[in-house]
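Each chain, letter by letter, is given below.
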Amino acid sequence: MYDYYRATSRQAAVVKPEKSRVVNPAWDVVDAKGIDPVVILGQLIAFIRDVPYDMDLVRPIGVYPPPESAPRTEEEWEALPEDSLYLDGPDIDELPAHVRDSLASVPDDRLDELVEQWGRIEEFSTHPADDGYLLEVLTGLRALAQRAQKEDELIYCWISL
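1. Topic: helix H5 (residues 97–104)
Argument step 1. Along H5, the positions that sit buried rather than exposed are Val-99, Arg-100, Ser-102, Leu-103 and Ala-104.
Argument step 2. Elements that come into contact with the buried residues of H5 comprise helix H2 (40–49), helix H7 (133–150) and strand E5 (154–159).

In structure tokens, the structure reads:
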């Protein structure tokens, strides 16, 4: 599960981190099942910006679980209890401002072209996305990004695997 939402700060973004953002009407959220920020959303950002896709194009910053408490060594990772947040999540990532701005900048006349390009990526090859879902997600993310941009907020991704 990937919930994309906007927040005024990292502190605000991690309120009730164990809860999906979709179930709380207080969040301005887009439910983007199966669309991770680095690979699948990253390829959309590459199409929008008309640049080659690279794994480093979207570099989210992990804000939950708290990165300052994360294990630093292999031994510390191995010593974590099975129910550790660092192993099971959920995770919350902050997306860079350029991702918000790229999404916010998509004009109406590029929507069909972008959905067509995005629908051809390898990650959608086993589940063709021709039912309108990608257009729904793209327009939802664009609107979310425009609202975030207007309010000088960033976009966050709540991840539960």
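From this point, the narrative continues.
2. Here we look at the environment of Val-63
Argument step 1. As for its placement among the helices and strands, Val-63 is situated in strand E3 (residues 61–64).
Argument step 2. With relative accessibility at 13%, the residue Val-63 sits in the buried group.
Argument step 3. C-alpha separation for the pair Val-63 and Pro-25, spaced 38 residues apart in sequence, amounts to 22 Å.
Argument step 4. If we ignore the near neighbours within four places in the chain, the residues touching Val-63 are Arg-10, Val-14, Ile-92, Glu-94 and Tyr-156.

3. Topic: the packing of aromatic side chains
Argument step 1. This structure, assessed with the given rule, holds four aromatic pairs.
Argument step 2. Among the aromatic residues, ring-to-ring pairing joins Tyr-5, Trp-27 and Tyr-156 into one connected group.

Quick notes on the rules
- Residues numbered from 1 in each chain as written.
- Predicted model: local features only at pLDDT ≥ 70, side-chain atom pairs only at ≥ 80, totals over all residues.
- Heavy atoms only, no water.
- Buried < 20%, exposed > 50% of the residue type's maximum accessible area, 1.4 Å probe, protein only.
- Helix = DSSP H or I, 4+ residues; strand = E, 2+ residues; numbered from the N terminus.
- Contact = heavy atoms within 4.5 Å.
- Phe/Tyr/Trp six-rings, centres within 6.5 Å; stacked < 30°, edge-to-face > 60°.

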